[in-house]
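# Chain and residue survey
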Amino acid sequence: MKTNPHRLMLSLFLCFWTILGCQPEYREDLDYSHRVLQTWEIDEIEDGVIVQFEEVFWEPDDTISLRELITEGLVVDGRDVLEIGTGTGLLSVLSLRHDAVSVVATDINPAAVANAKYNAAMLADDRSLDVRLVPKDQPQAFSVIRDDEQFDVIVSNPPWEDGLVGKPLDHAFYDPEFELMDSLLDGLPRHLKPGGRCLLAYGHRPAIERLRESCQERGYAFKILDERTIEELEEDFLPGMLLEVKVPL
Ligand SMILES: C[S@@+](CC[C@H](N)C(=O)[O-])C[C@H]1O[C@@H](n2cnc3c(N)ncnc32)[C@H](O)[C@@H]1O
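What counts, and at which threshold
Residues numbered from 1 in each chain as written. Predicted model: local features only at pLDDT ≥ 70, side-chain atom pairs only at ≥ 80, totals over all residues. Helix = DSSP H or I, 4+ residues; strand = E, 2+ residues; numbered from the N terminus. Rg over C-alpha atoms; globule rule 2.2 N^0.38 Å. Contact = placed C-beta atoms within 7 Å. Near = placed C-beta within 6 Å. Nonpolar A, V, L, I, M, F, W, Y, C, P; charged D, E, K, R; others polar. Pairing = 2+ DSSP bridges. Axes fitted to C-alpha atoms, helices over the stretch in contact; angles between N-to-C directions. Buried ≥ 20, exposed ≤ 12 C-beta atoms within 10 Å, placed from the backbone.

Scanning the protein chain from terminus to terminus reveals six helices and nine strands. Taking 18 Å as the expected radius of gyration for a compact globule of 249 residues, we find that the protein chain reaches 18 Å, a close match to that expectation. Of all intrachain contacts in the protein chain linking residues separated by at least 6 positions in sequence, the fraction that spans at least 24 positions is 65%.

Okay, structure coming up:
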């Protein structure tokens, strides 16, 4: 009989955790077929590690300020949250751990959907998490969100550049023709509750300038939640800049 190497990797990983006395319980609803690329410790999660599946994005420096805001407990607690482009699920996991009432997380990369579900199951009470796969031919920000769904907070560390997508991981970097950015902005009046906030992490100056301009065109409030100004930034930079977009009441 042939052994699936991906399954074997995850089994070895589970054995390792079992030996350490932290055995995760087997769950029918999780997809264990992905290869684990690496595990990461991060300051915000002291009692576990973030598992990164192969073909899934990881760069925690993108979202330092956004994670700070979430863990301070002022942004998500008691609120309905949508995360667009969840990757490993890091931001959604933190939102669940900081008392979000519900979290909907989306991604266009099937490995990311499986990864986010896995991490949430291991690191949070995931009963109020709903992870949805965005079809490749419907990449708009709200394509898997019902017309009547509304959120207090929409968070995203989206792809930062216009470019072509080949393999699944490319979705982490490229937003072809900025369809995701534009559809996100277009959908805010329908999907943000009155007074709600859209919080975005960007580390690419041209994308930030485009976002600022697009917000002005739509009459939205655009705010930099950062000490830095756009003018002093390099074209590409880290840590990512935290931006807030609000729709006037
Ligand atoms: C820069 S990564 C950020 C991942 C994660 N939120 C983080 O901060 O580590 C962007 C993520 O958005 C996803 N993505 C790209 N286009 C998307 C779309 N149209 N709809 C949903 N997710 C998308 C990518 O697959 C990737 O996981």
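From this point, the discussion proceeds with the structure in view.
With that out of the way, let us pick up the site of the ligand. Neighbouring the ligand are 23 residues; G85, G87, P139, N157 and H171 lie closest to it. Put simply, the parts of the chain that give the shell around the ligand at least two residues each are helix 3 (90-97) and strand 4 (102-107). By residue class, the composition of the shell around the ligand is 12 nonpolar, nine polar and two charged.

Spatially, seven strands are ordered 5-4-3-6-7-9-8 in an open sheet, and the strand pairing comes out mixed. Two strands lie at the open edges of the sheet, namely strand 5 (129-133) and strand 8 (221-224), each paired on one side alone. Neighbour-to-neighbour, the strand axes of this sheet turn through a mean angle of 20°, independent of strand direction. On the sheet, helix 5 (residues 179-191) packs against strand 3 (80-84), strand 6 (151-156), strand 7 (192-204) and strand 9 (236-246) and is oriented at approximately 155° with respect to strand 7. Sheet strands touched by helix 6 (residues 205-218): strand 7, strand 8 and strand 9. Its angle to strand 7, the strand with the most contacts, is close to 155°.

Attention now moves to the environment of R79. With respect to the helices, strands and loops of the structure, R79 is situated in the loop between helix 2 (64-71) and strand 3. You can call R79 partly exposed: it has 19 C-beta atoms within 10 Å. Along the backbone, R79 and P189 are 110 residues apart, and their C-alpha atoms lie at a distance of 18 Å. In this structure R79 touches A100, V101, D152 and V153, once residues within four positions along its chain are discounted.

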